[in-house]
Number of protein chains: 2
Amino acid sequence: MLNYAAYAQVIKAMADENRLKIIDLLSCGTMCACEILKNFDFTQPTLSHHMKVLQTAGIVSAVKKGRWQYYTLLPEFTTEFSEFIKQLLRDSHECVCHSDSSCSRPD
Amino acid sequence: MLNYAAYAQVIKAMADENRLKIIDLLSCGTMCACEILKNFDFTQPTLSHHMKVLQTAGIVSAVKKGRWQYYTLLPEFTTEFSEFIKQLLRDSHECVCHSDSSCSRPD
DNA sequence: TCAATATATAGATACTTATCTATGTATCAA
DNA sequence: TTGATACATAGATAAGTATCTATATATTGA
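If you're wondering where the values come from, they're calculated on a predicted model, not measured in any experiment.

Caption draft 1: Molecular detail of helix 2 (residues 17–26) of chain B. Residues and elements named next belong to chain B. The buried count for helix 2 comes to eight of ten residues, which makes it a mostly enclosed element. Among all positions in helix 2, only R19, L20, K21, I22, I23, D24, L25 and L26 are buried. Regarding helix 2, its N-cap is D16, as a side-chain oxygen of that residue lies 2.9 Å from the backbone nitrogen of N18 further along.

Structural data, given as structure tokens:
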């Protein structure tokens, strides 16, 4: 059975127009905060907040080099999340339905 | 380029532990509200709220038959959302990076 | 018709969060 | 050393939301 609570946390972190765009940016490769910021209208502290949310959720990693903070999409996230969505939307044996027999259907 | 605002709405509707479980339940097929409710501890009005959120987001459809409200996962959601996640996480030509040249990288 | 069942709606509350301004810290170039 | 740049943190505010109780509506069986 899927760990709903854990993935709900990840999906919450993705549930924002701006953070979705950040993830899309990072899907092309590593970027520093100041470059990411150029793609948005909000302020620098707001970006800092969004990046912390993405880090806490295990979506991106951060490495500091000199003045710049570089962000990278975690490969574990990419692969595991894709797999989760596949399992979630597929009628699988892992579905909660198959764990209990009370699951009735209309005719 | 991806429609972040539109998909953020869909992902917001998924960003809840309970609604994730509902989606997983419905991935096995159509179910009525009272059967779905058996899998949770919250009250019936709370389920009614969650189902409305999922409908508004275009994730499930609802059909009333007698006293029962049957919910079904929309096939359009299943296919389109999977495709969106694929495009989001892949370094593709649709990525915002390729739309503007200011996207620099570290060495 | 009446009672029970299935579901929706209204309104309230507590909690979360996206954003801002103000400010602090660290790094580097001159 | 000094000023500029990159980034984080603190604190405030406004908006959203998950949940509840109370109640309304609709359907069906007796």
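Caption draft 2: Broad picture of the side chain of N39(A). Residues and elements named next belong to chain A. Tracing the backbone shows N39 in the loop between helix 3 (33–37) and helix 4 (44–56). When its relative accessible area of 16% is taken as the criterion, N39 is described as buried. A distance of 3.1 Å separates a polar side-chain atom of N39 from the backbone oxygen of E35.

Caption draft 3: The arrangement of the sheet that holds strand 2 (residues 60–65) of chain A in detail. All names here are of chain A. In space, the three strands of this open sheet follow the order 1-3-2, with antiparallel pairing throughout. Of all the strands in the sheet, just strand 1 (31–32) and strand 2 have a single pairing partner and so form its edges. Judged from the six bridges that link them, strand 2 and strand 3 (residues 68–73) form a sheet pairing that is antiparallel. When the bridges of strand 3 are listed, A62 appears paired with Y71.

Caption draft 4: Expanded view of the packing of aromatic side chains. On inspection of all chains with the given rule, the structure shows eight aromatic pairs over all chains. Ring geometry for F81(A) against F84(A): centres 6.4 Å apart, planes inclined by 35°, an arrangement best described as tilted. Within this pair, F81(A) and its partner F84(A) are both found in helix 5 (residues 75–89), separated by three residues, close to a single helical turn. On the basis of relative accessible area, F84(A) is assigned to the buried category, the value being 2%. Connected via pairs of aromatic rings, a cluster forms that spans Y7(A), F77(A), F81(A) and F84(A). Its end group placed over the ring of F40(B), K21(B) keeps NZ or CZ at 5.0 Å from the ring centre.

Reading guide: rules and limits
Residues numbered from 1 in each chain as written. Chains lettered and ligands numbered in written order. Predicted model: local features only at pLDDT ≥ 70, side-chain atom pairs only at ≥ 80, totals over all residues. Heavy atoms only, no water. Buried < 20%, exposed > 50% of the residue type's maximum accessible area, 1.4 Å probe, protein only. Helix = DSSP H or I, 4+ residues; strand = E, 2+ residues; numbered from the N terminus. Polar contact = N/O pair within 3.5 Å; in protein donor to acceptor, adjacent residues only side chain to side chain. Pairing = 2+ DSSP bridges. Phe/Tyr/Trp six-rings, centres within 6.5 Å; stacked < 30°, edge-to-face > 60°. Lys NZ or Arg CZ within 6 Å of the ring centre and 35° of its normal.

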